[in-house]
Amino acid sequence: MIELSLRGVFLGLVVLSLVTLYRIIWGPHASDRIVGTNVLMTNVILGIVILAHLFRNYTYLDVAYTYVLSSFIGTVCVLKSLGKGRLS
Amino acid sequence: MKLVWELFVCFLLWSGLFFIFVGTVGLVRLPDLYTRMHATAKCDTLGTGLVLLALMTQVGGFVEVVKLIICAAFVWSINPVMTHLIGSTAYIRGTEYVPTTFFRDCYHDPYPGREDLRREDVNA
Amino acid sequence: MRLIKSVTDWRGFTIISVILASFWFLMSPKLEPANVIIGIGCAVGLTFFWSPDLFKPGQPMRFNLKQLVKLVLYLAHLGWNVVLSGLNVAMIVLSPKMPISPGFVLLKTKLQKDLTRVLYANSITLTPGTITVDLNGDRLLVHAMTEDAAKGVSDWYMQDKMRDIELSGP
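Residues numbered from 1 in each chain as written. Chains lettered and ligands numbered in written order. Predicted model: local features only at pLDDT ≥ 70, side-chain atom pairs only at ≥ 80, totals over all residues.

Draft legend 1. Just the overall build of chain B, in detail. Along the backbone of chain B there are four helices and one strand. Listing each helix as α and each strand as β along chain B from the N terminus yields α-α-α-β-α. With 124 residues in all, chain B has 43% of them scored as buried. Pairs at least 24 apart in sequence give 59% of the contacts found in chain B among residues at least 6 apart. (Helix = DSSP H or I, 4+ residues; strand = E, 2+ residues; numbered from the N terminus. Buried ≥ 20, exposed ≤ 12 C-beta atoms within 10 Å, placed from the backbone. Contact = placed C-beta atoms within 7 Å.)

Draft legend 2. Highlighting the interface of chain A and chain B. Across the boundary between the two partners, chain A contributes 36 residues, which contact 38 residues of chain B. At the level of secondary structure, the elements contributing two or more residues to the side of chain A that touches chain B comprise helix 1 (2-26), helix 2 (30-54) and helix 3 (60-84) of chain A. A per-element tally of the side of chain A that touches chain B places helix 2 of chain A first, with twelve residues. Grouping the amino acids of the side of chain A that touches chain B by side-chain chemistry returns 23 nonpolar, eleven polar and two charged. (Nonpolar A, V, L, I, M, F, W, Y, C, P; charged D, E, K, R; others polar.)

Draft legend 3. Just the pairing of strand 1 (residues 103-108) of chain C, in detail. Residue and element names in this part refer to chain C. Along strand 1, the buried face is formed by Gly 103, Val 105 and Leu 107; none of Phe 104, Leu 106 and Lys 108, which line the opposite face, is buried. By the bridge criterion, six bridges tie strand 1 to strand 3 (residues 139-144) in an arrangement that is antiparallel. Each residue of the ladder has a partner; that of Leu 107, found in strand 3, is Leu 140. (Pairing = 2+ DSSP bridges.)

Draft legend 4. Representation of the packing of helix 3 (residues 62-93) of chain B against helix 6 (residues 114-125) of chain C within the structure. As a packed pair, helix 3 of chain B and helix 6 of chain C sit with axes 9 Å apart at the nearest point and diverge in direction by 90°. It follows that helix 3 of chain B is roughly perpendicular to helix 6 of chain C by the angle criterion. Listed contacts from helix 6 of chain C to Pro 80, Val 81, Thr 83 and His 84 of chain B of helix 3 of chain B are Ala 121, Asn 122 and Thr 125 of chain C. (Axes fitted to C-alpha atoms, helices over the stretch in contact; angles between N-to-C directions. Parallel < 35°, antiparallel > 145°, perpendicular 65-115°, else oblique.)

Draft legend 5. Up close: the pairing of strand 2 (residues 130-136) of chain C. All names here are of chain C. Within strand 2, five of the seven residues are buried, leaving the element largely enclosed by the surrounding structure. In the sheet, strand 2 pairs with strand 3 via six bridges, with the strands oriented antiparallel. Directly across from Thr 132, in strand 3, lies its bridge partner Val 142. In sequence, strand 2 turns back onto strand 3 through a hairpin of two residues, with Gly 137 there showing a positive phi of about 65°.

Draft legend 6. Representation of the packing of helix 2 (residues 10-27) of chain C against helix 3 (residues 33-49) of chain C. All names here are of chain C. Contact geometry of helix 2 with helix 3 gives a least axis separation of 8 Å together with a crossing angle of 140°. The orientation of helix 2 with respect to helix 3, classified from their angle, is oblique. As for the relative orientation of helix 2 and helix 3, their crossing is right-handed in sense. Where helix 2 abuts helix 3, its residues Phe 13, Ile 16, Ser 17, Leu 20, Ala 21, Trp 24 and Phe 25 lie against Gly 39, Ile 40, Cys 42, Ala 43, Val 44, Leu 46 and Thr 47. Its residues assigned to classes, the contact of helix 2 with helix 3 comprises eleven nonpolar, three polar and no charged. (Left-handed = near helix turned anticlockwise from the far one by under 90°.)

Draft legend 7. Local environment of the confidence of the model for chain A. Confidence in the prediction of chain A, expressed as mean pLDDT, is 87, and 99% of residues score 70 or more. The secondary structure element of chain A with the lowest average pLDDT is helix 3 of chain A, at 86, and the one with the highest is helix 1 of chain A, at 89. (pLDDT = per-residue confidence, 0-100.)

Draft legend 8. Molecular detail of the nonpolar core. Judged by nonpolar contacts, the single largest core of 74 residues is most densely connected at Val 49 of chain A together with Cys 71 of chain B. Sort the elements by how many residues they give to this core and helix 2 (residues 33-56) of chain B lands first, with twelve residues. Residues contacting Cys 71 of chain B, with those up to four places away along its chain left out, are Val 49, Ala 64, Tyr 65 and Val 68 of chain A together with Leu 52 of chain B. (Core = buried A, V, L, I, M, F, W, Y, C linked by C-beta atoms within 7 Å.)

Draft legend 9. Here's a closer look at unusual backbone geometry. Residues and elements named next belong to chain A. Look at Arg 56: it is not a glycine, yet its phi comes out positive at around 55°. When you line up the elements, Arg 56 lands in the loop between helix 2 and helix 3. Since 8 C-beta atoms lie within 10 Å of it, Arg 56 is described here as exposed.

Structural data, given as structure tokens:
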């Protein structure tokens with residue numbers, strides 16, 4: 001039952017990511033697109049962790065929290081260049 | 001007993017998916033940037049925490065549980081900071097808000113409309 | 001040499017280095033001499049490299065056990081508030097009419113230290129109906145989803161708890 005629920009949750013995450021693409025593509029401002037990208041990154045992290053459990057290959061957990069940190073750095077870089085106009 | 005435990009874990013998983021669903025619906029439906037950030041900041045953080053909590057009961061070893069806890073702590077601390085950064089950048093850039101937005105100054109005049117409270121309580 | 005001079009707080013330096021090194025040892029698959037040397041070297045070197053930003057002259061890193069216990073209780077309380085806020089947002093978003101009346105509120109905090117101010121701003125973000133948009137000194141700019149949330153955020157009871165944590169320190 002838990003395996004089936006995990007598969008269902010993974011499928012739901014994929015569908016919700018496709019819905020999030022609406023806001024990323026047609027968002028009126030750059031900030032809306034950044035919020036959408038943030039949600040997409042959260043979904044990707046959950047997908048990685050669920051796949052790591054379904055495949056019984058827990059090396060992917062390292063990938064998950066490295067992905068959290070690198071997504072944070074990427075968003076901070078984009079926001080800094082939006083706010084200041086340069087990165088330094 | 002085992003069935004109850006499995007039902008509890010499934011409940012955690014599906015409620016996590018429900019909160020992420022609410023976050024996505026809010027992202028698509030709400031009218032301006034700041035209210036969209038309400039939906040994503042709270043519901044995504046809560047949904048991630050619930051799904052990771054359900055997975056913590058399933059993975060086997062100690063190291064895996066610690067790694068999941070670290071992942072959850074990162075998400076729970078990074079998500080509010082990210083919301084704060086996006087909000088301050090958008091506020092500086094002058095992103096528009098819905099026309100019915102009100103502004104209220106509680107810095108110079110604490111508790112507007114609630115003068116029954118004493119001022120000494122405020123300036124502690 | 002400039003970096004060594006900028007370390008004004010050797011106790012905080014040790015704490016941050018130990019945290020970074022333990023993170024390295026959690027991620028490394030097995031304990032070999034090369035692993036241990038690289039991990040400890042990277043932890044100490046990184047803390048030296050960022051020390052002008054980490055250690056401000058007036059605010060040394062000091063805490064005691066009582067403060068730590070109170071912080072854990074605070075975080076548990078915060079978890080319950082996060083569940084409430086999720087249900088609140090779900091009720092607003094999934095209802096057909098969407099009863100929102102958004103607004104900005106400018107607040108003043110009683111907290112004195114930078115770390116507790118940042119923690120308090122984050123916990124405002126995670127609680128029902130409000131997010132922090134800007135934090136500058138003791139000014140907090142808060143965006144509220146409904147009018148009731150805007151009324152309640154000005155004297156939220158978690159601020160007194162955070163003030164209690166701050167005052168019970170050395």
